[in-house]
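Residue-level listing of the chains:
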Amino acid sequence: MQAFENIMNQWNSLVWSMPLVFLCLGAGVIFSVCMKFPQVRLIKEMVRLLIHGERSDTGITPFQAFASTVGSRVGMGNIAGVATAIYFGGPGAVFWMWVIAFIGASSAFIESSLAQAYKVKTGNGEYLGGPAYFIEKGLHCKPWAVVFAVATILGPGILMPGLHVNSIASTYNEAFGANMLVVGVIFCAVFAAVICGGIKRIASVAEYMAPVMCVIYVALAFGVIGMNITKVPGVLATIVTSAFGVHQVFGAVVGSAISWGVKRGIYSNEAGQGSGAIVSAAAECSHPAKQGLVQAFSVYIDTLIVCTSSALIILLTNTFNTVAPDGKHMLAENIPGVEYGIRWATNALNRGYGNWAGKALAIIIIMFVFTSLMGYYYQAEANIRYLLKDNKIAVWVMRIVFLFSAFSGVLVNGEIIWTMGDTGAGMMAWLNIVAILFLAKKGFALLKDYEDQKKAGIKEPTFDPAKFDIKDETKVWDRYKK
């Protein structure tokens, strides 16, 4: 086991080296500038598309795709992930999570729009797409597409699920004294019933569960903020000053703040990772840019709202202590931040409301974990179907492997679980970001086409793949032809 941990730690260090951090930041800046910051100027259109989205008889609706990706994005990365980012990078890591969310929204637009433009229709009327498809069809590089598909199966399908089940089992053990193995068995059994229904059942569950869990958690956070309102300016100032090494305690960890902020930001909101694009492709809409804008907005929900809520809960309640000049071991109870990241939020809520809050969080976490794993499973399934041409036996094998991987989270320690999750996300990010940089001009053209049609008075723009030199072999866009 120790040898496996050493291998994973070395591989993770290689994957998440500073070049990937700068690649993520640089790509987001390039996309933002070239598209004139659509994440700011088109917010009103994002909300309109979300509220007045199209209905679908074959695929899933844009809102269901939004809910599914929010569900997969809003999970342990927003609670335990924020805690570990602060543990290793100091409060400044939160600032860099904000930065990657802001510029990453443009990356989310590009990858989701491309996924829509290159999606295909299966024999039963479902839509499949994502980086593997636009790499093969757009860049004409099948080996690259295959490597991405394999990385997605390894990441969301095998390496990442255990983290979430580990978090929920440890939370229930902490709150109710429940046996972690029993929690893992019950959770995986219920989860199996959902994923066996495919993307439509996953999207239907996420459509209701994702908004509820976000509202409840943010409401709890706002309560803590309200009780500590006088401390908020000071905490925000600490976040900003430590992000640039100005704060005397965190001057030595500014590099860690950037690295961990970007790493946890991508793990949380998945912008540029390519996973959100896979779910986006399953939606039915009249123009790819519509889903791109909806997915860009989901990044804001994830990081700017939910992650910030977690950070403020931790910092305002003094669960986090700025006592060490090296920026580490700052938890008041001296609990190791990696293994017990979820307990930071639990302790913080208990301090704000009393012991009942930790139990309430345990219940909320069921929804966080459930929706995250639904998104992970669909990402893995879609890429199994890409590699093996929709082979039903392979899909069932993937379901069994995924459930086993999820359950393994209660069998191994939390530190290696986080390392595995980070490695999976990093592998996907490397492969996807480079691909969307090569295809960026097509992504820019999709947004321009959408905006040109809107300016011409067309209320609901439509997409003509031939105009972009995209072959529509499965007749995905025929229904929108005039």
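Scroll up to find the structure this text is about.
It should be emphasised that the depicted structure is a prediction, and the values quoted were computed from it without experimental measurement.

### A short note on a nonpolar patch on the surface
A surface patch of nonpolar side chains, about 450 Å² in accessible area, is lined by Val 150, Leu 154, Ile 158, Ile 393, Val 397 and Val 401. Those elements giving two or more residues to the nonpolar patch turn out to be helix H9 (142-159) and helix H19 (392-407). Checked against the element boundaries, Ile 393 lands in helix H19.

### Looking at the packing of helix H8 (residues 131-138) against H9
At a minimum axis distance of 8 Å, the contact between H8 and H9 shows a crossing angle of 175°. Our classification of the angle between H8 and H9 gives roughly antiparallel. Residue-level contacts link Pro 131, Ala 132, Ile 135 and Glu 136 of H8 to Lys 142, Trp 144, Ala 145, Phe 148 and Ala 149 of H9. Taken together, the residues of the contact of H8 with H9 sort by class into seven nonpolar, no polar and two charged.

### Some points on the packing of aromatic side chains
A complete count under the given rule lists 11 aromatic pairs for this structure. When the ring of Phe 463 is compared with that of Phe 468, the centres are 5.3 Å apart and the planes differ by 35°; the resulting orientation is tilted. A single burial state applies to Phe 463 and to Phe 468, both of which are buried. Taking the centre distance of 4.9 Å and the plane angle of 75° together, the rings of Phe 463 and Trp 477 count as edge-to-face.

### A closer look at H9
With 18 residues, H9 extends 24 Å from end C-alpha to end C-alpha; this agrees with the ideal 26 Å at 1.5 Å per step. Taken residue by residue, H9 has Trp 144, Ala 145, Phe 148, Ala 149, Ala 151, Thr 152, Ile 153, Gly 155, Pro 156, Gly 157 and Leu 159 as its buried positions.

### A closer look at the pattern of salt bridges
Counted under the stated rule, the structure contains 11 salt bridges. We note a salt bridge from Lys 467 to Asp 449, for which the minimum N-O separation is 2.5 Å. A residue pair is termed long-range when its members are at least 10 positions apart, and Lys 467 in the segment after helix H21 (440-455) and Asp 449 in helix H21 qualify at 18 residues. Among the residues examined, Lys 467 registers a relative accessible area of 58% and is labelled exposed. Judged by relative accessible area, which is 7%, Asp 449 ranks as buried. Each of Glu 45, Arg 48, Lys 290, Lys 454 and Glu 460 takes part in salt bridges that share partners, so that together they form one network.

Definitions and cut-offs
- Residues numbered from 1 in each chain as written.
- Predicted model: local features only at pLDDT ≥ 70, side-chain atom pairs only at ≥ 80, totals over all residues.
- Heavy atoms only, no water.
- Patch = residues over 30% accessible without salt bridge, like charges linked within 9 Å, V, L, I, M, F, W, Y side chains within 5 Å.
- Areas by Shrake-Rupley, 256 points an atom, 1.4 Å probe, with all protein chains shown as cover.
- Salt bridge = Lys/Arg side-chain N within 4 Å of Asp/Glu carboxyl O.
- Helix = DSSP H or I, 4+ residues; strand = E, 2+ residues; numbered from the N terminus.
- Axes fitted to C-alpha atoms, helices over the stretch in contact; angles between N-to-C directions.
- Parallel < 35°, antiparallel > 145°, perpendicular 65-115°, else oblique.
- Contact = heavy atoms within 4.5 Å.
- Nonpolar A, V, L, I, M, F, W, Y, C, P; charged D, E, K, R; others polar.
- Phe/Tyr/Trp six-rings, centres within 6.5 Å; stacked < 30°, edge-to-face > 60°.
- Buried < 20%, exposed > 50% of the residue type's maximum accessible area, 1.4 Å probe, protein only.
- Expected span 1.5 Å × (residues − 1).

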